[in-house]
Amino acid sequence: MRVGIIGRGGMADALGTQWRRAGHEVVTGSRSGGLREAAESGTDAVLLAVPYEAVVEVVERLGEALRGKVLIDCTNPVGRDFGLLTAGGPSAAERIAAAAPSAHVVKAFNLCHEDVWRLTPPVFDGRPLAVPLCGDDEGALTVVRRLVRDLGCEPLNAGGLDRAGLVEATAALLIRLWVGEGADAQAISPPRAYSGA
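Remember, predicted model here, so these are calculated numbers, not experimental data.

Criteria and cut-off values
Residues numbered from 1 in each chain as written. Predicted model: local features only at pLDDT ≥ 70, side-chain atom pairs only at ≥ 80, totals over all residues. Heavy atoms only, no water. Helix = DSSP H or I, 4+ residues; strand = E, 2+ residues; numbered from the N terminus. Rg over C-alpha atoms; globule rule 2.2 N^0.38 Å. Buried < 20%, exposed > 50% of the residue type's maximum accessible area, 1.4 Å probe, protein only. Contact = heavy atoms within 4.5 Å. Areas by Shrake-Rupley, 256 points an atom, 1.4 Å probe, with all protein chains shown as cover. Expected span 1.5 Å × (residues − 1). Pairing = 2+ DSSP bridges. Axes fitted to C-alpha atoms, helices over the stretch in contact; angles between N-to-C directions. Salt bridge = Lys/Arg side-chain N within 4 Å of Asp/Glu carboxyl O.

Draft legend 1. Layout of the overall build of the protein. A tally of regular secondary structure across the protein gives 7 helices and 9 strands. For 197 residues, the compact-globule estimate of 2.2 N^0.38 gives 16 Å, and the protein sits close to it at 16 Å. Considering only C-alpha atoms, the protein reaches an extent of 45 × 40 × 30 Å along its principal axes. The proportion of buried residues among the 197 residues of the protein is 45%. Long-range pairs, those at least 24 residues apart, make up 71% of the contacts in the protein between residues at least 6 apart in sequence. Looking at the protein as shown, the accessible area adds up to about 9,700 Å², and 50% of this sits on carbon and sulfur atoms.

This is the structure we're talking about:
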């Protein structure tokens, strides 16, 4: 697949490196150069890997270059004291979708630090990492599922884009526990056998 990555930070590098390793053609660009080229080259998918505060402006600048594209949002709208900057809605993913109404936005890859995405593959205690996806377009979700599996992870259906705010709030909580409290955030969730499902 041809994947464009908007951003040249840690997330862009980690995911881009793994996708290249899986055989995909990846082009990166940032606000300092190559932004439009990266967006236009991502004929299969475009990853938004820029800080949340800049993402809507970047998407608006790209305009027609994102028409019809699968647009993957891995941003986290988390501010000072680990607060959710989008509390009360709309979510970051929904704001991106409003800024690029002709694109197909999928929320994914936002629950883990870049170091996790550098693992080949991200498997913990024999269990592949699961990646929740939120999106409304089945074709776009199919593309992102493949990109998730190419990392050695398992995609999970987390619902439509209207559920992206829940995934973003989960990220804010996990970051607060991991970084703010130094806690093992994974310990808050029991095994599925005890979930009542």
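Text resumes after the structure shown.
Draft legend 2. Highlighting the side chain of Thr-86. Relative to the elements of secondary structure, Thr-86 occurs in the loop between strand E4 (70–73) and helix H4 (92–99). The contacts of Thr-86, once residues within four sequence positions are left out, are Tyr-52, Pro-77, Ser-91, Ala-92, Arg-95 and Glu-168.

Draft legend 3. Representation of helix H1 (residues 10–21) within the structure. Taking 1.5 Å per residue, 12 residues should reach 16 Å; H1 reaches 17 Å between its end C-alpha atoms and fits that length. When we look at burial in H1, the residues that qualify are Met-11, Ala-12, Ala-14, Leu-15, Gly-16, Gln-18 and Trp-19. In the core, the buried residues of H1 are packed alongside strand E1 (2–6), strand E2 (25–29), strand E3 (45–48), helix H5 (114–117) and helix H6 (138–149). Of the residues trailing H1, Gly-23 is marked for its positive phi of about 100 degrees.

Draft legend 4. Spotlight on the sheet that holds E2. As summarised here, the arrangement of the 7 strands in space is E2-E1-E3-E4-E5-E8-E9, forming an open sheet in which the pairing is mixed. Of all the strands in the sheet, just E2 and strand E9 (154–157) have a single pairing partner and so form its edges. Averaged over all pairs of adjacent strands, the angle between their axes in this sheet comes to 30 degrees, without regard to strand direction. Both E3 and E4 contribute to a ladder of 3 bridges, which runs parallel. Its bridge partner being in E4, Leu-48 is matched across the sheet by Asp-73.

Draft legend 5. Here's a closer look at helix H7 (residues 164–180). Spanning 17 residues, H7 covers 23 Å between terminal C-alpha atoms, matching the ideal 24 Å at 1.5 Å per step. Ala-164, Val-167, Glu-168, Ala-171, Ala-172, Leu-174 and Leu-177 are the residues of H7 that are buried. Where H7 is buried, its residues touch E4, H4, strand E5 (104–107) and strand E8 (130–135). Gly-182 lies just past H7 and shows a positive phi near 65 degrees.

Draft legend 6. Region of the structure containing the side chain of Asn-110. Topologically, Asn-110 is positioned in the loop between E5 and H5. Overall, the relative accessible area of 3% leaves Asn-110 in the buried class. Beyond its immediate chain neighbours, meaning those up to four positions away, Asn-110 contacts Cys-74, Thr-75, Asn-76, Val-167, Glu-168 and Ala-171.

Draft legend 7. Spotlight on the environment of Glu-60. Inspection of the secondary structure puts Glu-60 in helix H3 (residues 52–62). Classification of Glu-60 by relative accessible area gives exposed; the value is 52%. For the pair Glu-60 and Ile-96, spaced 36 residues apart in sequence, the C-alpha separation works out to 8.8 Å.

Draft legend 8. Representation of the pattern of salt bridges within the structure. Here the structure, examined in full by the defined rule, presents 9 salt bridges. Taking the shortest distance from any N to any O, the salt bridge between Asp-13 and Arg-118 comes out at 2.6 Å. Highlighted residues: Asp-13 in helix H1 and Arg-118 in the loop between H5 and strand E6 (123–124), separated in sequence by 105 residues. Accessibility expressed as a relative area gives 38% for Asp-13, which makes it partly exposed. Put simply, Asp-73 and Lys-107 hold a salt bridge, and the shortest N to O gap is 2.8 Å. With Asp-73 in strand E4 and Lys-107 in strand E5, the pair connects residues that are 34 residues apart, well separated along the chain. The exposure class assigned to Asp-73 is buried, which follows from its relative accessible area of 0%. Accessibility expressed as a relative area gives 0% for Lys-107, which makes it buried.

By themselves, these are just geometric observations and shouldn't be taken as functional.
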